[in-house]
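# Commentary on secondary and tertiary structure
As a plain string of letters, each chain reads:
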Amino acid sequence: MKTLFTLIRKELRSYLNHPMGYLFIVVFLAVNNFFFFRTLLVNNIASLRPLFDFLPWLLLFLVPAVTMRLAAEERKEGTWEIILTQPLSDFSYVLGKWLAASAFVFIGILLTLAAPLMLAIAGDFDWGVVAGQYLGATFLTMALCSAGYFASQMTKNQIIAFLLGI
């Protein structure tokens, strides 16, 4: 169990120590907030529907960008053999990689909580619906991360893994 948490922490650090991790979060928030604020300011409708209507389409392209390197990079760099010699079961290895990628994407989703908080300040708000939408976004993220990880396992090339993940 300790090695599983070590693997998750290692993977999260690899996302946060690389500029591409921050680029992912910035692009994700910029595009998602654009559609939210466009509806809010242009149509004068205070609704979270644009935020969650566009989220699956946005995740469809951004999650494979996060997961494309999970296995493909290790095979390409030759660290795959080193990982196989570690005292870690195959299940723990796959689970750790998948949980780290899911947690990283979920961090980006949590950063969109500014929009519901802003709407809650402006008026009456049903937090049950918002919690359900974020729970659904979490499950969608986990499913897309598993598909992206599967695509990364299929090839050594990250670009091919990205295209397969989409």
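Here we summarise the structure given alongside this text. Every chain's residues receive numbers from 1 upward, in the order its sequence appears when written. Predicted model: local features are reported for residues with pLDDT of at least 70 only, side-chain atom pairs are reported and counted for 80 or more only, and whole-chain, interface and lining totals are derived from all residues. Computation of side-chain values: all heavy atoms of the structure, hydrogens and water removed.

## Description of the overall build of the chain
- When helices and strands are tallied, the chain shows 9 helices and 0 strands.
- Each helix and strand of the chain, ordered N terminal to C terminal, gives the series α-α-α-α-α-α-α-α-α.
- Each principal axis of the C-alpha distribution contributes one length, and for the chain these read about 55 × 30 × 25 Å.
- Each of the 166 residues in the chain was classed as buried or not, and the buried ones make up 37%.
- When the accessible area of the chain is evaluated, it comes to approximately 9400 Å², of which 71% is carbon and sulfur surface.
- Residues scored as charged are limited to Lys and Arg (positive) and Asp and Glu (negative), so that His and the chain ends carry no count. The atom standing in for a charge is NZ when the residue is Lys, CZ when it is Arg, CG when it is Asp and CD when it is Glu. Here the chain holds 11 positive side-chain charges and 9 negative ones, and the gap between their average locations is 6 Å. Runs of H or I in DSSP of at least four residues are treated as helices and runs of E of at least two as strands, each being numbered from the N terminus. Remark: exposure states derive from per-residue accessible area (1.4 Å probe, protein chains only) relative to the maximum for the residue type, with buried under 20%, exposed over 50%, and partly exposed in between. Each accessible area value is a Shrake-Rupley result obtained with a 1.4 Å probe; residue values ignore everything except the protein chains displayed when judging cover.

## Focus on the environment of Ala120
- Secondary-structure assignment places Ala120 in helix 7 (residues 114-122).
- Classification of Ala120 as partly exposed rests on a relative accessible area of 25%.
- In this analysis, two residues are considered to be in contact whenever any of their non-hydrogen atoms come within 4.5 Å of each other. If we skip the residues at most four places from it in the chain, Ala120 touches Phe125 and Trp127.

## Digging into the packing of helix 8 (residues 127-154) against helix 9 (residues 158-165)
- What counts as an axis is a line fitted to C-alpha atoms, over the stretch in contact for a helix, and the angles between N-to-C directions run from 0 to 180 degrees. With their axes 8 Å apart at the nearest point, helix 8 and helix 9 run at an angle of 140° to one another. Viewed along their axes, helix 8 and helix 9 adopt a mutual orientation that is oblique. Considering only the axes of helix 8 and helix 9, their crossing is right-handed. Contacts between helix 8 and helix 9 pair Ala151, Ser152 and Met154 from the former with Ala161, Leu164 and Gly165 from the latter.
- Throughout, the ten residues Ala, Val, Leu, Ile, Met, Phe, Trp, Tyr, Cys and Pro are labelled nonpolar, Asp, Glu, Lys and Arg are labelled charged, and all others, Gly among them, are labelled polar. Looking at the contact of helix 8 with helix 9 residue by residue, the class counts come to 4 nonpolar, 2 polar and no charged. Any angle that is under 35 degrees is reported as roughly parallel, and any over 145 degrees as roughly antiparallel; angles of 65 to 115 degrees are reported as roughly perpendicular and all others as oblique. Crossings are classed by handedness, with left-handed meaning an anticlockwise turn of the near helix from the far one by less than a right angle and right-handed meaning a clockwise turn.

## Re the side chain of Lys97
- Mapped onto the elements of the fold, Lys97 is located in helix 6 (residues 90-110).
- Since its relative accessible area comes to 0%, Lys97 is described here as buried.
- Side-chain atoms alone can form a polar contact between residues adjacent in sequence; in general such a contact is a pair of N or O atoms within 3.5 Å, and within protein one must be able to donate a hydrogen while the other accepts it. A polar contact of 2.8 Å, which involves the side chain of Lys97, links it to the side chain of Glu11.
- Filtering out sequence-adjacent residues up to four positions away, Lys97 remains in contact with Leu7, Glu11, Leu70, Glu74 and Tyr149.

## What about the nonpolar core?
- To qualify as a nonpolar core, a set must consist of buried Ala, Val, Leu, Ile, Met, Phe, Trp, Tyr and Cys residues joined through side-chain atoms within 4.5 Å. Membership of the largest hydrophobic core comes to 33 residues, with the highest contact counts inside it found for Phe28 and Val105.
- Among the elements of the structure, helix 1 (2-16), helix 2 (19-42), helix 3 (49-67), helix 5 (80-84), helix 6, helix 7 and helix 8 are those that each provide at least two residues to this core.
- Here this core gets 8 residues from one element, more than from any other, and that element is helix 3.
- In contact with Phe28, other than residues within four places in its own chain, are Leu55, Leu58, Leu59, Leu62, Gly108, Ile109 and Thr112.

## Some details on the pattern of salt bridges
- Salt bridges are defined as contacts in which a side-chain nitrogen from Lys or Arg sits within 4 Å of a carboxyl oxygen from Asp or Glu. On inspection of all chains with the given rule, the structure shows 3 salt bridges.
- Glu11 is paired through a salt bridge with Lys10; the nearest N and O atoms lie 2.9 Å apart.
- Exposure remark for Lys10: the relative accessible area of 41% places this residue in the partly exposed category.
- Here Glu11 and Arg69 are joined by a salt bridge, their closest N and O atoms 3.5 Å apart. Of the two residues, Glu11 is situated in helix 1 and Arg69 in the loop between helix 3 and helix 4 (72-77); the sequence distance between them amounts to 58 residues.
- Three or more residues are tied together by salt bridges with common partners; here these are Lys10, Glu11, Arg69 and Lys97.

Purely geometric numbers; function is a separate question.
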